[in-house]
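The chain contents come next:
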Amino acid sequence: MRAIIHHEFGDPAEVLGVEDLPLPEPGAREVRIRVLLATIHNHDLWTVRGTYGFKPELPARAGTEAVGVVDAIGAEIEGIEVGQRVATGGTFGAWSAYLIVKPGAVVPVPDGIPDEVAAQLISMPFSAITLVDFLQVGKGDVIVQNTANGTVGRLVAQIAPSRGIRVIGIVRREADVVELASAGILDVVATSDDGWRDRVLELAGDRPIRAAVDSVGGTASGDLLHLLAEGGTLVSFGAMASDRMELSSGDLIFKQAVVKGFWGNKVSAAMTPETRRALFGELFGLIGSGRLTLPVDGIYAFDDVRDAVIASTRQGRVGKVLLRP
């Protein structure tokens, strides 16, 4: 089978290539998937660079999410059938023509969901809905998030309102506010405006801001903490600007705020099967109703993986970049 490989850590646009590998056979408790489309995520590229929490042995495959068709199953597999279309996420080596996965990493895809949507269903949308659940907020509550124009930010802004939660987004530029408004995502404030903090509080009105999601780090973390109401929760989701959070001890003490980290893999691993099924059911419902959209920026052949990587890191990209074997 063909697979995307790298023999050294470095710039993905320089170190990734396509090679032929033996077709893997599933074990007794494993499933083999013939990949239709695979998704490029930021964490995949960080792994290729050698800067992520997981560092594979070289030479290494790449990618963690795909949609495909069950091609073979182990002798002890039940409830999964050959020919069934499934999505999978969190299994390393997804940028390949065939992929071996554990049965728990397989999610059957309803007929009404296109491959382009199913290919990006798990990592980002499931992380986003899990994040909303993790915040422990509900109908009538207000939350605030920075990098509102990022993939997860857009998803949170679409998912949370279905639960009656108001989302206030923060971006850097006024152009981002306009672009999000064109996508139907309102209540967004640009930090390029000197009065942006007052504008956030104005949008919240008389309702306290119960939770904040920080994907930036540095001083941006402290800005979110300052906006929180007493007893609010600040969740660190990423560190685009800095791996340090600059927080006011006064805000922490007098607001009695809670600061927590969120890593989807850990939260998902601790999740009950019932909760997992319920959250996926909620996702399928939102996608089917059109309230949740997962745009695609482009689809590239494996042989064009370096061009795909460049497209994936392009400033202003809207939608995921996908790979086709």
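Just above sits the structure.
These notes cover the structure that comes with them. (Residues numbered from 1 in each chain as written. Predicted model: local features only at pLDDT ≥ 70, side-chain atom pairs only at ≥ 80, totals over all residues. Heavy atoms only, no water.)

### Details of the overall build of the protein chain
Looking only at helices and strands, the protein chain features 12 helices and 16 strands. Against the compact-globule benchmark of 20 Å for 325 residues, the protein chain has a radius of gyration of 20 Å, which places it among compact chains. Residue burial in the protein chain is summarised as follows: out of 325 residues, 49% are buried. Considering only intrachain contacts with a sequence separation of at least 6, the fraction spanning at least 24 residues in the protein chain is 67%. In the structure as shown, the protein chain presents an accessible area of about 15,000 Å², 50% of it carried by carbon and sulfur atoms. (Helix = DSSP H or I, 4+ residues; strand = E, 2+ residues; numbered from the N terminus. Rg over C-alpha atoms; globule rule 2.2 N^0.38 Å. Buried < 20%, exposed > 50% of the residue type's maximum accessible area, 1.4 Å probe, protein only. Contact = heavy atoms within 4.5 Å. Areas by Shrake-Rupley, 256 points an atom, 1.4 Å probe, with all protein chains shown as cover.)

### Things to note about the pattern of salt bridges
On inspection of all chains with the given rule, the structure shows 14 salt bridges. Of the charged contacts in the structure, one is a salt bridge between Glu30 and Lys102, with a shortest N-O distance of 3.6 Å. Separated by 72 residues along the polypeptide, Glu30 in the loop between strand E2 (16-20) and strand E3 (31-39) and Lys102 in the loop between strand E7 (98-101) and strand E8 (106-108) bring together distant segments of the chain. Among the ionic pairs, Arg32 bridges to Asp71, the shortest N-O distance being 2.5 Å. A residue pair is termed long-range when its members are at least 10 positions apart, and Arg32 in strand E3 and Asp71 in strand E5 (residues 65-73) qualify at 39 residues. We classify Asp71 as partly exposed; its relative accessible area is 26%. Overlapping salt bridges bring together Glu25, Arg32 and Asp71 as one network. (Salt bridge = Lys/Arg side-chain N within 4 Å of Asp/Glu carboxyl O.)

### A few points about the sheet that holds strand E1 (residues 2-6)
Across the sheet, 3 strands lie side by side as E2-E1-E4; this open sheet has antiparallel pairing. The open sheet terminates on both sides in strands that have one partner only, identified here as E2 and strand E4 (60-61). As paired elements, E1 and E2 share 5 bridges and run antiparallel to each other. Paired with Arg2 across the strands is Asp20, a residue of E2. (Pairing = 2+ DSSP bridges.)

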